[in-house]
Amino acid sequence: MPMHPQSTPDPAVLKWVVPDRLLPFSGQVATAPPPLQALLDDATLESVHVAAGAVLTLLGPGRSWRAEGARVRTALAGALTRPDLWEPAPAARALGPDEALLAAAQEIAEGPVGELARRHGGAFLVRGVQAGVVEVALEGACHDCPAAVITMHTRFERLLRRRCPWLVEVRRTA
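Keep in mind the model is a prediction, meaning the values are calculated, not measured.

1. Thoughts on the layout of surface pockets
Rolled over the atoms, a probe sized like a water molecule indicates the empty space that remains. As a volume, the largest pocket reaches approximately 150 Å³. Contributing to the lining of the largest pocket are L116, A117, H120, F124, L138, A141, C142, C145, A147, A148 and T151. The element contributing the most residues to the lining of the largest pocket is helix α5 (residues 146-163), with three residues. For the lining of the largest pocket, a count of residues per class yields nine nonpolar, two polar and no charged.

And the structure:
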């Protein structure tokens, strides 16, 4: 199962990037598959949350990633092979294809594509997603730049389509 950890502002939380739409909900996990649930039961992990394309793990009090990181990685990898055994908490919400597409689009727009736009005095913003169509706005120096259209299609759309093959189109809005 392809996954990799990313740090977060909270040192007790690791964000594990996982395939988009692997888990069909967003929110706190009520029950996880056995290898991961065991870490919740023994307080190695305080909680597990699912987000579009990610699982966030919060270490229990007094635990360290240095000591527990390998166990969490192994348990999470095993748990991700059984998405049918993940149970969301009551406050979690269903995560459909447009929600997953929006989260991936925003991450790409804030990351590599947005950084390129910011370096040139512009902004690349995701305005919304509907029925597989992602609407973006090009602002600042990007608004009238002929290269911005190339950036939108060759960089942004290519990266997004790789993560979300159900993408229908990227459309520029005013």
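2. Re helix α1 (residues 34-41)
If you check which residues of α1 are buried, you get L36, Q37, L39 and L40. The buried residues of α1 all sit within an arc of 155° when viewed along its axis, so they share a single face. Relative to its buried face, α1 has exposed residues pointing more than 90 degrees away, namely P34 and D41.

3. Section: the environment of E157
In this fold, E157 is placed in helix α5. As a C-alpha pair, E157 and D41 span 116 residues in sequence and 42 Å in three-dimensional space. Not counting residues within four places of it along the chain, the set of residues in contact with E157 comprises M152, L167 and V170. Engagement of the side chain of E157 in a polar contact is seen with the side chain of H153, the distance being 2.7 Å.

4. Structural notes on the packing of aromatic side chains
Aromatic ring pairs: the centre-centre distance and the angle between the two ring planes describe each pair. Evaluation of the coordinates by the stated rule reveals one aromatic pair. Plain terms: the ring middles of F124 and F156 are 4.7 Å apart, the flat faces sit at 55° to each other, and that makes the pair tilted. With F124 in strand β8 (residues 122-130) and F156 in helix α5, this pair connects stretches of sequence that are 32 residues apart. What makes F124 buried here is its relative accessible area of 6%. Taking relative accessible area as the criterion, F156 reaches 0% and is therefore assigned buried. Sitting over the face of the ring of W166, R21 holds its NZ or CZ atom 4.7 Å from the ring centroid.

5. Notes on the nonpolar core
Grouped together as the largest cluster of nonpolar side chains are 25 residues, with contacts concentrated most on L36, L45, V48, V55, L76, L80 and W86. Of all elements in the fold, only β2 (13-17), β3 (25-31), α1, β4 (45-51), β5 (54-59) and α2 (65-80) reach the threshold of two or more residues within this core. Here this core gets six residues from one element, more than from any other, and that element is α2. Look past the residues within four positions of L36 in its chain and what remains in contact with it is L45, V48, A75, L76, A79 and W86. Counting 21 residues, the second-largest nonpolar core is a separate cluster that includes L101, V134, C164 and V170.

6. Some words on the UniProt feature "domain: NIF system FeS cluster assembly NifU C-terminal" (unreviewed entry) in the chain
Under the UniProt annotation, the feature "domain: NIF system FeS cluster assembly NifU C-terminal" (unreviewed entry) is placed at residues 118-170. Each end of residues 118-170 is marked by a C-alpha atom, and these two atoms are 20 Å apart; helix forms 38% of the span and strand 36%.

7. Considering the sheet that holds β8
Sheets are built from strands paired through backbone hydrogen bonds, the pairs being either parallel or antiparallel. Reading across from one edge, β8-β9-β10 is the order of the three strands in this open sheet, with mixed pairing throughout. The sheet is open, and its two edges are formed by β8 and β10 (169-172), each paired on a single side. With strand direction ignored, the average angle separating the axes of adjacent strands in the sheet is 30°. Inspection of the sheet shows β8 paired to strand β9 (residues 133-140) by eight bridges, in the antiparallel sense.

8. Focus on empty space enclosed by the protein
What the rule picks out here adds up to one cavity of 30 Å³ or more. Space inside the largest cavity adds up to approximately 50 Å³. Lining the largest cavity are V18, P19, D20, R21, L22, L23, V50, A51, G53, A54, V55 and L95. If you list the elements that add at least two residues to the lining of the largest cavity, you get β4 and β5. Across the lining of the largest cavity, the residue classes break down as nine nonpolar, one polar and two charged.

What counts and what doesn't
- Residues numbered from 1 in each chain as written.
- Predicted model: local features only at pLDDT ≥ 70, side-chain atom pairs only at ≥ 80, totals over all residues.
- Heavy atoms only, no water.
- 1 Å grid on protein atoms, 1.4 Å probe; cavity = no way out; pocket = protein on both sides within 12 Å on 5 of 7 lines; lining within 4 Å.
- Points joined across faces, edges and corners; volume = space filled by probe spheres on them.
- Helix = DSSP H or I, 4+ residues; strand = E, 2+ residues; numbered from the N terminus.
- Nonpolar A, V, L, I, M, F, W, Y, C, P; charged D, E, K, R; others polar.
- Buried < 20%, exposed > 50% of the residue type's maximum accessible area, 1.4 Å probe, protein only.
- Arc of directions from axis to C-beta.
- Contact = heavy atoms within 4.5 Å.
- Polar contact = N/O pair within 3.5 Å; in protein donor to acceptor, adjacent residues only side chain to side chain.
- Phe/Tyr/Trp six-rings, centres within 6.5 Å; stacked < 30°, edge-to-face > 60°.
- Lys NZ or Arg CZ within 6 Å of the ring centre and 35° of its normal.
- Core = buried A, V, L, I, M, F, W, Y, C linked by side-chain atoms within 4.5 Å.
- UniProt positions renumbered as here; feature names shortened; annotations may be inferred.
- Pairing = 2+ DSSP bridges.
- Axes fitted to C-alpha atoms, helices over the stretch in contact; angles between N-to-C directions.

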